[in-house]
Amino acid sequence: MIEQHLPPRIGSLCTGYGGLDMAVELVLGGQLTWYAEVDRHARTVLEHHWPGVPNLGDIRTVDWATVPRVDVLTAGFPCLNDNLGGPLSGGADAVAD
């Protein structure tokens, strides 16, 4: 019996512009199943490269029980505070509420 392997399904947290996800797709031959990104500029790039792939948005508000399972999970450091808060913020504004 020949075992057939499907391409790995990839999920992405704090995706940014998707560079890591593109590399993982190319190396593993996988397919991005969903991503989670809140930055509007990054979302524009992601929508261009992966039309029709759902954006889960803010990872703090996702109902993870409803998210399709993936084989590979990628993640970028959520660096918004370093970009918006400046180099001296030290990530202090990363705490929500």
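Below or above, wherever it landed, is the structure these notes cover. (Residues numbered from 1 in each chain as written. Predicted model: local features only at pLDDT ≥ 70, side-chain atom pairs only at ≥ 80, totals over all residues. Heavy atoms only, no water.)

**Brief notes about the side chain of glutamate 37**
- Relative to the helices and strands, glutamate 37 resides in the loop between β2 (31–36) and α2 (40–49).
- Buried charge without a salt bridge: glutamate 37, with arginine 43 as the nearest opposite-charge side chain at an N-O distance of 6.9 Å.
- For glutamate 37, the side chain forms a polar contact with the main-chain nitrogen of threonine 15, separated by 3.2 Å.
- At 2.6 Å, the side chain of glutamate 37 forms a polar contact with the backbone nitrogen of glycine 16.
- Apart from residues no more than four positions distant in its own chain, glutamate 37 is found in contact with Cys14, Thr15, Gly16, Ala42, Arg43, Leu46, Asn55 and Gly57. (Helix = DSSP H or I, 4+ residues; strand = E, 2+ residues; numbered from the N terminus. Buried < 20%, exposed > 50% of the residue type's maximum accessible area, 1.4 Å probe, protein only. Lys, Arg positive; Asp, Glu negative; His and termini not counted. Salt bridge = Lys/Arg side-chain N within 4 Å of Asp/Glu carboxyl O. Polar contact = N/O pair within 3.5 Å; in protein donor to acceptor, adjacent residues only side chain to side chain. Contact = heavy atoms within 4.5 Å.)

**Considerations on a nonpolar patch on the surface**
- A cluster of nonpolar residues, Leu26, Val27 and Leu28, forms a patch on the protein surface that exposes about 360 Å² of accessible area.
- By secondary structure assignment, the location of valine 27 is in helix α1 (residues 19–28). (Patch = residues over 30% accessible without salt bridge, like charges linked within 9 Å, V, L, I, M, F, W, Y side chains within 5 Å. Areas by Shrake-Rupley, 256 points an atom, 1.4 Å probe, with all protein chains shown as cover.)

**Quick look at the sheet that holds strand β3 (residues 72–75)**
- Sheet architecture is open: three strands sit in the order β2-β1-β3, paired in parallel fashion. Each edge of the sheet is formed by a strand with only one pairing partner; in this case those strands are β2 and β3. Adjacent strand axes in the sheet meet at a mean angle of 20°, parallel and antiparallel pairs treated alike.
- The pairing of strand β1 (residues 9–13) with β3 spans four bridges and is classified as parallel. In the sheet register, leucine 13 faces β3, and the bridge partner there is alanine 75.
- Taken strand by strand, α1 contacts β1, β2 and β3, and its axis lies near 150° from that of β3. (Pairing = 2+ DSSP bridges. Axes fitted to C-alpha atoms, helices over the stretch in contact; angles between N-to-C directions.)

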